[in-house]
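# Descriptive analysis of the structure
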Amino acid sequence: MKSLTKYLVFNTKNRREYINITDEIAQAVADSNVKEGMVLVSAMHITAAVYVNDAEDGLIADIDEWLEHLAPTRADYRHHQTGEDNGDAHLKNLLMHHQIILPITNGRLDLGTWQQVYYAEFDGQRRKRAIIKIIGE
Amino acid sequence: MKSLTKYLVFNTKNRREYINITDEIAQAVADSNVKEGMVLVSAMHITAAVYVNDAEDGLIADIDEWLEHLAPTRADYRHHQTGEDNGDAHLKNLLMHHQIILPITNGRLDLGTWQQVYYAEFDGQRRKRAIIKIIGE
Amino acid sequence: MKSLTKYLVFNTKNRREYINITDEIAQAVADSNVKEGMVLVSAMHITAAVYVNDAEDGLIADIDEWLEHLAPTRADYRHHQTGEDNGDAHLKNLLMHHQIILPITNGRLDLGTWQQVYYAEFDGQRRKRAIIKIIGE
């Protein structure tokens, strides 16, 4: 079995931001020399997500608005009694999930035509990380 | 390490449809000859989901109604400015997620009594695919 | 390739309960002697979730209230025509997802500082299980 571990670092300008990381993952797969296996891509934070969807700006704006509707910014989350102000970011993380697994076939990411991988930041403007872990052979 | 890759093809009559694929996955596990490992089952589209839940028609109708409530069909998604009309299907995909991982123990899917695997189509009536990727030994 | 399989058993006092299982998973990783690999942690039921987030009681109460808002307890789910009364628990399971994958690096769970793993029970007060499946080497 082969494996490869890589960490991506993010430091967004905005509190919420959506970053296409497909190329970084494809590069890690190439570096790993794994021909058949799986890649785990997982945010190392509880206020960010990793998801697969379309690289289309209108849709990304729709997603952001929808997340704010279902997991709204509010002053009165109980979590804020700890001094935090990011209760909504925790809920957005749970809704979108912090991780995905991608299949590797013949040494390449085995994705559908429109599948792009995004890191979604919900509480940014500081240093955050995601892990790429590849196993296979 | 052993591996096996298989693609499932769907072409639903209805725009939204829920298809039990547990038997197809169990057959792929048997074909793989893997005794201990994991199976990734992942939609290759951004308007479909793969999930685990009950094979009960009433519940499936409840799920469909609930998804339409939380991620509604609407004319005014920004994404529709591209000519698409499936913004809701992208959001339903994000809510339900496009993939699952199943454990393999002693050569069989290691599922709880009521766990059944479904492919959920949110923008069907055309050819779509899911990938089954098994690794283990 | 090495592997290890372990089952966790839960029997909660309350219908809904959130249980930190991070230490049990870390112990399984130590027992497996896997240095590089992945751990799947998956509820074996369709009315429970496994998720990663903060070990903070206020946030857990926020999550519980939010889940009840988005996937409410109701008498009139179609699923209840089967004699069940847990339609909401199925929807909460779908929203939160029943599983996660954790990376193993240098023989340890490779988590961010605040990432804790929870088993979330939505229809408890009876015996339920989760599976831990580790693969790697």
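Everything below is about the structure printed above this text.
Scoring rules and cut-offs
Residues numbered from 1 in each chain as written. Chains lettered and ligands numbered in written order. Predicted model: local features only at pLDDT ≥ 70, side-chain atom pairs only at ≥ 80, totals over all residues. Heavy atoms only, no water. Helix = DSSP H or I, 4+ residues; strand = E, 2+ residues; numbered from the N terminus. Buried < 20%, exposed > 50% of the residue type's maximum accessible area, 1.4 Å probe, protein only. Contact = heavy atoms within 4.5 Å. Areas by Shrake-Rupley, 256 points an atom, 1.4 Å probe, with all protein chains shown as cover. Phe/Tyr/Trp six-rings, centres within 6.5 Å; stacked < 30°, edge-to-face > 60°. Buried area = accessible area lost by both parts, 1.4 Å probe. Salt bridge = Lys/Arg side-chain N within 4 Å of Asp/Glu carboxyl O. Polar contact = N/O pair within 3.5 Å; in protein donor to acceptor, adjacent residues only side chain to side chain.

### Structural notes on the overall build of chain A
From N to C terminus, chain A includes 3 helices and 8 strands. Reading chain A from its N end, one meets helices and strands in the order β-β-α-β-β-α-α-β-β-β-β. Counting all 137 residues of chain A, 62% fall into the buried class. In chain A, once contacts between residues fewer than 6 apart in sequence are set aside, the share between residues at least 24 apart is 84%. Accessible surface, chain A: about 5,300 Å² in total, of which carbon and sulfur atoms supply 43%.

### Looking at the packing of aromatic side chains
What describes a pair of aromatic rings is the distance from one ring centre to the other and the angle between the planes of the rings. Under the counting rule described, the total for this entry stands at 9 aromatic pairs over all chains. When the ring of tyrosine 51 of chain B is compared with that of tyrosine 118 of chain B, the centres are 5.6 Å apart and the planes differ by 15 degrees; the resulting orientation is stacked. One end of the pair, tyrosine 51 of chain B, is in strand β4 (residues 48–53); the other, tyrosine 118 of chain B, is in strand β7 (residues 116–121), with 67 residues separating them in the sequence. Look at tyrosine 18 of chain C and phenylalanine 122 of chain C: their rings are 6.3 Å apart centre to centre, the planes differ by 70 degrees, and that puts the pair in the edge-to-face class. Placement of tyrosine 18 of chain C in strand β2 (residues 17–20) and of phenylalanine 122 of chain C in the loop between β7 (116–121) and β8 (128–136) is noted, with a sequence separation of 104 residues between them.

### Focus: the interface of chain A and chain B
With 35 residues of chain A in contact, the opposing surface of chain B contributes 30 residues. Around 2,700 Å² of area is buried between chain A and chain B when both sides are counted, 63% of it from carbon and sulfur atoms. The largest contributions to the chain A side of the interface with chain B come from Met38, Asp62 and Trp66 of chain A, which together make up 22% of the buried area. Linking chain A with chain B are 3 salt bridges, by the criterion used here. Note that lysine 133 of chain B and glutamate 36 of chain A form a salt bridge whose closest N and O atoms lie 2.7 Å from each other. Scanning the region where chain A abuts chain B turns up 16 residue pairs in polar contact (both at pLDDT 80 or more). Looking at the side of chain A that touches chain B, the elements that each hand over two or more residues are β3 (37–43), β4 (48–53), α2 (57–70), α3 (87–96), β5 (99–105) and β8 (128–136) of chain A. Considering every element that reaches the side of chain A that touches chain B, the biggest residue donor is α2 of chain A, with 8 residues.

### A short note on the side chain of aspartate 88 of chain A
Residues and elements named next belong to chain A. Within the secondary structure, aspartate 88 sits in helix α3. For aspartate 88, a relative accessible area of 4% corresponds to the buried category. Residues contacting aspartate 88, with those up to four places away along its chain left out, are Arg16, Glu68, Ala71, Pro72, Thr73 and Tyr77.

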